[in-house]
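# Breakdown of the fold
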Amino acid sequence: MSQKIILTGITTTGTPHIGNYVGAIRPGIAASKDAKKKNFYFLADYHALAKNEDPDKISRSTLEIAAAWMALGLDTEHATFYRQSDLPEIPELTWILTSMTAKGLMNRAHAYKAVVQDNVAAGEDPDFGINMGLFSYPILMAADILMFGSTHVPVGKDQIQHLEMARDIAQRFNHHYGEILVLPEAVTDEHVAVLPGKDGRKMSKSYDNTIPLWLPEKQLRKAIMRIVTNSLEPGEPKDPEGSALFAIYSAFADAEQRAAMRQAYHDGIAWGEAKKQLFELVNSELAEARDNYHRLMEEPAHIEEALQKGAARARELSEPMIQKVRDAVGISTIR
Ligand code: TRP
């Protein structure tokens, strides 16, 4: 009971960029190597479905994201790595939880409320473009978490409310049906900086300012050359604070390299030179994984095999769990 059970969900939308890498993938993979912890990693493809109706994009993104995590060294022997949709127990638990979750709780979800607000501001019907998948998204997420008795769930700040909802849902279930579900805790890492994008705003697909993780070397260099800087000339001292270039450099550098770059800024390093050094640093960290990635993408069967193994291991736990839940709520064979 005292063992930490850590569960990480990865929504399969889009192609990973270096902001995802620094913020979620790299720390997640480091955690997978900790032998003392029990780790679950899964591809949340049912969550992706609520946000995207393009079948090719959904399946492409699932493949790319699985390949990325594996190429970067996710320890799939020690950690359980699976695809959400390979576990029929997940939608089953989702429905059972849906049936006992107050609609009012879902009305309060920030993500849902933001869309309603945008609709109202645009003079649209408040529910315009909102499907039930988006509305019930936190319940599916609660099922992911509660299925495995997760104690700790690493998330970004935008997901903290979803963890609170998972706790609310678990508490209500336990109160009514008996102590079956474990109340999870959100883990947010203050040290993981939000990476700025090429234009200095947060790196995000929606701002179109990302540097994709697997750019070929030449294009990676070009993308880094396009990071915005100011017009200070070589030889003029530069301020590392507020410099997107410096922030990105810092995310890849060790303490010594960071201090040296800080000094170089003060000494007036040319922007072109700073960018060249950033390229070399990022490229050296990613080069080997990039080769692994391309190899994996050519052998998707290898990825599928790893996911099937992971699903089989996950189901050893989800099958008895759903049985317990079914019994508790009275969905069972007649005896
Ligand atoms: N909603 C999460 C995100 O967008 C992904 C996710 C789905 C998840 N289910 C989860 C994260 C369960 C943690 C636990 O980032």
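Starting from 1, residues in each chain are numbered consecutively following that chain's sequence as written. Owing to the predicted nature of the model, reporting of local features is limited to residues with pLDDT of at least 70; listing and counting of side-chain atom pairs is limited to 80 or more, with chain, interface and lining totals taken over all residues. The basis for the side-chain values is all heavy atoms of the structure; hydrogens and waters are excluded.

## Considering the packing of helix 4 (residues 89-99) against helix 7 (residues 132-147)
Axes here mean lines fitted to C-alpha atoms, for a helix over just the part in contact, with angles spanning 0 to 180 degrees between N-to-C directions. Helix and strand assignments come from DSSP, with helices taken as H or I runs of at least 4 residues and strands as E runs of at least 2, each series counted from the N terminus. Two elements in contact, helix 4 and helix 7, have axes separated by 8 Å at closest approach and are oriented at 115°. Helix 4 and helix 7 meet at a crossing whose hand is right-handed. On the side of helix 4, the interface is formed by E89, I90, L93, T94, L97 and T98, while helix 7 contributes I139, L140, A142, A143, D144, L146 and M147. For the contact of helix 4 with helix 7, a count of residues per class yields nine nonpolar, two polar and two charged. Left-handed describes a crossing whose near helix is turned anticlockwise from the far helix through less than a right angle; right-handed describes the clockwise counterpart. Here, residues are in contact when the closest pair of their heavy atoms is within 4.5 Å. Note on residue classes: Ala, Val, Leu, Ile, Met, Phe, Trp, Tyr, Cys and Pro are nonpolar, Asp, Glu, Lys and Arg are charged, and everything else, Gly too, is polar.

## So, the packing of aromatic side chains
Pairing of aromatic rings covers Phe, Tyr and Trp, the last through its six-membered ring, and needs centres within 6.5 Å; plane angles under 30 degrees mean stacked, over 60 mean edge-to-face, and all others mean tilted. Taken as a whole, this structure holds ten aromatic pairs when the rule is applied. Ring centres of F40 and F148 lie 4.7 Å apart, and the angle between their planes is 25°; on these two criteria the pair is classed as stacked. Here the residue F40 occupies a position in strand 2 (residues 38-44), and F148 occupies one in the loop between helix 7 and strand 4 (152-154), the gap between them amounting to 108 residues. Accessible area is worked out with a 1.4 Å probe on protein chains only. A residue is then buried under 20% of its type maximum, exposed over 50%, and partly exposed in between. For F40, a relative accessible area of 2% corresponds to the buried category. Given the relative accessible area of 7%, F148 is considered buried. Plain terms: the ring middles of Y112 and F135 are 4.8 Å apart, the flat faces sit at 75° to each other, and that makes the pair edge-to-face. Highlighted residues: Y112 in helix 6 (residues 110-121) and F135 in helix 7, separated in sequence by 23 residues.

## Considerations on the site of the ligand
Residues are classed as near a molecule or strand on a simple rule: at least one heavy atom within 4 Å of it. All residues adjacent to the ligand are L7, G9, T11, F42, A44, H47, Y137, M141, D144, I145, V153 and Q159. We call two N or O atoms a polar contact when they sit within 3.5 Å, provided that within protein one can donate a hydrogen and the other can accept it, with sequence-adjacent residues counted only if both atoms are side-chain atoms. In this structure, a nitrogen atom belonging to the ligand sits 2.7 Å away from a side-chain N or O atom of Y137. Interatomic distance of 3.0 Å between a side-chain N/O atom of Q159 and a nitrogen atom of the ligand. Protein chains shield 88% of the accessible area of the ligand, which is 370 Å² for the free molecule. Breaking the shell around the ligand down by element, the ones donating at least two residues are strand 1 (5-11), strand 2 and helix 7. Here the shell around the ligand takes four residues from helix 7, the largest share from any one element. For the shell around the ligand, the per-class residue count stands at seven nonpolar, four polar and one charged. Reported accessibility uses the Shrake-Rupley method at a 1.4 Å probe radius. Residues are deemed covered only where the shown protein chains occlude them.

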